[in-house]
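Residues per chain, in single letters:
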Amino acid sequence: MYDKSQELDLYNTSKFFLANEITIEDVEKLRTIIRYHEWKYYIQNDPVISDREYDQLYKKLEAIENAHPELITPDSPTQRVSDDLTSDFPSVEHLTPMLSLANSYNAEDLLEWDEQIKRVASIDAATPIEYVVEPKFDGGSIALIYENDYLVRAATRGNGKEGEEMTKNARSIPSIPLTANFSKLGYHKVEIRGEVLIKKAVFQQVNAEREAEGLTLFANPRNAATGGLRMKDARETAKRQMEAFMYQIGVLLNKEGESKLNEVKTQSGSISMLAQLGFKVPKAEQEFKICADIQSVIDYCLAWQEKRDTYEYEVDGMVVKVNDLALQQRLGVTSHHPRWAIAFKFRAKQATSKLLNVEFQVGKIGSITPVAKIEPVALAGVTVSSISLHNEEFIKSKDIRLGDTVLVERAGDVIPYIVKTMETLRDGSEQVIEFPKNCPVCQTILVKPENEAAWRCPNYNCEAQVVQRMIHHVSKNAMDIDGFGKSYIERFHQLGWLNNLSDIYTLEYEKIATLEGFGKKSAENLKAAIEKAKKNPIHRLLHSLSIHHLGQKASKLIAAEINHVLDLQHWTLEDFTHIKDIGPVVAENVIAFFQIPENIALLKKMESLGVNLHQTNEDKPKAIQKNAPLSGKTILFTGTLQSISRKEAQEKAEALGAKNASAVSSKLDILVVGEKAGSKLKKAQEIGTIQILTEEDFINMIQQN
Ligand code: IVH
């Protein structure tokens, strides 16, 4: 659609427009540029500017069009909302359009917006407006329709007017209630809106699993969540551990079809109502704040900007909403966004930088990781100058070259990564990155095992590997030697004191005490930590050995099956097949490790130095209640329990093998009814397949077991 020279021209003009005032003569050129970036983003999946730069260009266009409405053309990018429609899911019309949000980036923008609201609503400039501020969750938006209390439809935002229907997938997200008692409040048909997300930690876990399976990685938690929502198989959606925060009531109709939104009165009231009905919503104190005026909004937004990395979900800003729904009505909407809400966008997470050099690092099992050295850039408050390029395939698939301009992203506490390289900005001086043939540390010829992405140095005694293995050995998840980290290992290694794992247990603390920066006390602390680690359960020792693919979980499973670590010398593939969740790859690696005489000698040496090699109580799994009386059953408590608290009852049920459910559905096995049980009991009776127990029945069951 665009040739290379056009693209370069559009990119350069974009940068010029970003840096300079734009006159009304340039409005059409600006639209062309915005359309180009939309094409790069939505069609090519290959943006050349950051989201924030795009927003700024968009805002400039909006500003010109607001000042000169006669210049607006029907095909202006401001006259439509973005689109996530594809033909994979049926498209459905939203009950009312799902609009976008206008953006603000600093205190001045927010103050200006507050003034503008007062002007539009004819409110005196000195009168404060009450706002509600919530995180701007960075996931995929969703609209849920409940009719007669049942979830009947879920759809994505799509182009704002029409979205994609994905009710089945939404039903598999546990925080989306399948029924909610709106009828109790007199509401018959309700549409609520919110965001589907996954936690940052889950995102990392999903990616780690995908990496192990050789699948392409998700760039960020949002892609993992929206991708999860769009799975063809709803069971796959269920596996992603997705969650939904609901933050808005779109439509609220009574039986007669009349809108009852005015009964709710405030945005904060809508949130409380949704919370009471069982939805996951932004919580007061934690995520959500009612602010008496715009200054308090600004303070809250800025405070969140600082702490956003510590939040468990990805957020790209805050959303500020006028709290009074009647005032919202008066302010109304534009074709693009409501006038009563605005997004406050956090500092950019993306930036462009130059790739200066690539270093090749050797890991604990010899994997060679290319690391990009880039011109330092500030990303979300942190300066980034080094970024992993993972492996040769990553470099090839993104065609990253030395001297390239690269787009770097750091989303929250997610490790920074290179999103892409800007091919259009090459001038011919860039060089293809040559992957080394020899280990950069010991010069051994590198090998690439079949089915693995990384090149490896096969020399087990390669100095770099030995050091990395020792760093892993003492780390938190392995032997957990408190206070013993990378820098000590490297220093003691340089002094010639540490050449293999067993040397850790022969350190001379008197010598350490004399080192600069040490002292008697720190040497004693180190000694105490090492002595403590010697008594560790063997699952820690197994994990600390850096056996390829042998993680914490697998180490625990194996530890539970042996009496002594050296028993593994006699284990065959057949023996491992009896352990559920241990695959042949891990098994073969463990077998190979225990076939090497040096490794056996190392373990024996450690044992002679006092390291525990015997199974301990902690290695044994807690008794699995396979034959527990409620094993595999789902249970729900309703009404007031007299002799036990609900929490206690739920814990007891779990101890008997049951899983606690949150709502009555045909999947529920047991409903325990206390006093004043209401609609849940009625519904369970209607379903007919659910066993209904009184509190007394349940207590008897606990006592018998
Ligand atoms: S209110 C018309 N509240 O941001 C305004 N949106 O850029 C209705 N978003 O499509 C949206 N967190 O997916 C609202 N607390 C929040 C939000 C939020 C994230 C998303 C939403 C929307 C997009 C607009």
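Check the entry above for the structure.
Residues numbered from 1 in each chain as written. Predicted model: local features only at pLDDT ≥ 70, side-chain atom pairs only at ≥ 80, totals over all residues. Heavy atoms only, no water.

A. Representation of the sheet that holds strand β16 (residues 405-409) within the structure. Read across the open sheet, the five strands follow the order β14-β13-β12-β16-β17; overall the sheet is antiparallel. With one partner strand each, in any of the chains shown, β14 (382-388) and β17 (417-421) form the two edges of the open sheet. Direction aside, neighbouring strands of the sheet carry axes that sit 45 degrees apart on average. Relative to β16, strand β12 (residues 350-362) runs antiparallel, the two being bridged by five bridges. What sits directly across from Lys-354, in β16, is Thr-405. (Pairing = 2+ DSSP bridges. Helix = DSSP H or I, 4+ residues; strand = E, 2+ residues; numbered from the N terminus. Axes fitted to C-alpha atoms, helices over the stretch in contact; angles between N-to-C directions.)

B. Main features of helix α21 (residues 584-595). With 12 residues, α21 extends 16 Å between its outermost C-alpha atoms, agreeing within 8% with the 16 Å of an ideal straight helix rising 1.5 Å per residue. Within α21, the full set of buried residues consists of Val-586, Ala-587, Val-590, Ile-591, Phe-593 and Phe-594. One side of α21 carries all its buried residues, which in axial view fall inside an arc of 160 degrees. (Expected span 1.5 Å × (residues − 1). Buried < 20%, exposed > 50% of the residue type's maximum accessible area, 1.4 Å probe, protein only. Arc of directions from axis to C-beta.)

C. Local environment of the site of the ligand. Neighbouring the ligand are 15 residues; Glu-134, Phe-137, Ser-141, Glu-195 and Lys-321 lie closest to it. Residue Phe-137 places a main-chain N or O atom 3.0 Å away from a nitrogen atom belonging to the ligand. Isolated, the ligand exposes 520 Å² of accessible area, and the fraction of that covered by the protein chains is 88%. Counting only elements with at least two residues in the shell around the ligand, the list comes to β3 (131-137), β8 (243-253) and β10 (315-322). (Near = heavy atom within 4 Å. Polar contact = N/O pair within 3.5 Å; in protein donor to acceptor, adjacent residues only side chain to side chain. Areas by Shrake-Rupley, 256 points an atom, 1.4 Å probe, with all protein chains shown as cover.)

D. A look at the side chain of Gln-248. With respect to the helices, strands and loops of the structure, Gln-248 is situated in strand β8. Side-chain polar atoms of Gln-248 contact the side chain of Lys-321, separated by 2.6 Å. Leave out the neighbours within four places in its chain, and Gln-248 touches Glu-191, Ile-192, Arg-193, Gln-267, Leu-274, Lys-321 and Trp-340. (Contact = heavy atoms within 4.5 Å.)

E. Focus on the pairing of strand β5 (residues 150-156). Within β5, five of the seven residues are buried, which leaves the element mostly enclosed by the surrounding structure. Bridge analysis of strand β4 (residues 140-147) against β5 gives six bridges, and the strand direction is antiparallel. Counterpart to Glu-147 in the pairing with β5 is Tyr-150. Between β4 and β5, which pair antiparallel one after the other, the connecting turn spans two residues, and Asn-148 there sits at a positive phi close to 50 degrees.

F. Representation of the packing of aromatic side chains within the structure. In this structure the tally under the stated criterion is 21 aromatic pairs. Consider the rings of Tyr-488 and Phe-518, whose centres lie 4.9 Å apart with planes at 45 degrees: the pair is tilted. Here the residue Tyr-488 occupies a position in helix α15 (residues 486-494), and Phe-518 occupies one in the loop between α16 (509-513) and α17 (520-534), the gap between them amounting to 30 residues. Centre to centre, the rings of Phe-492 and Phe-518 are 6.0 Å apart; their planes meet at 40 degrees, and the pair counts as tilted. Within this pair, whereas Phe-492 is found in helix α15, its partner Phe-518 is found in the loop between α16 and α17, the two being separated by 26 residues in sequence. Three or more aromatic residues joined by ring pairs make a cluster, and in this case those are Phe-137, Phe-245, Trp-304, Tyr-311 and Tyr-313. When the ring centre of Tyr-460 is taken as origin, the NZ or CZ atom of Arg-469, which lies over that ring, is 3.7 Å away. (Phe/Tyr/Trp six-rings, centres within 6.5 Å; stacked < 30°, edge-to-face > 60°. Lys NZ or Arg CZ within 6 Å of the ring centre and 35° of its normal.)

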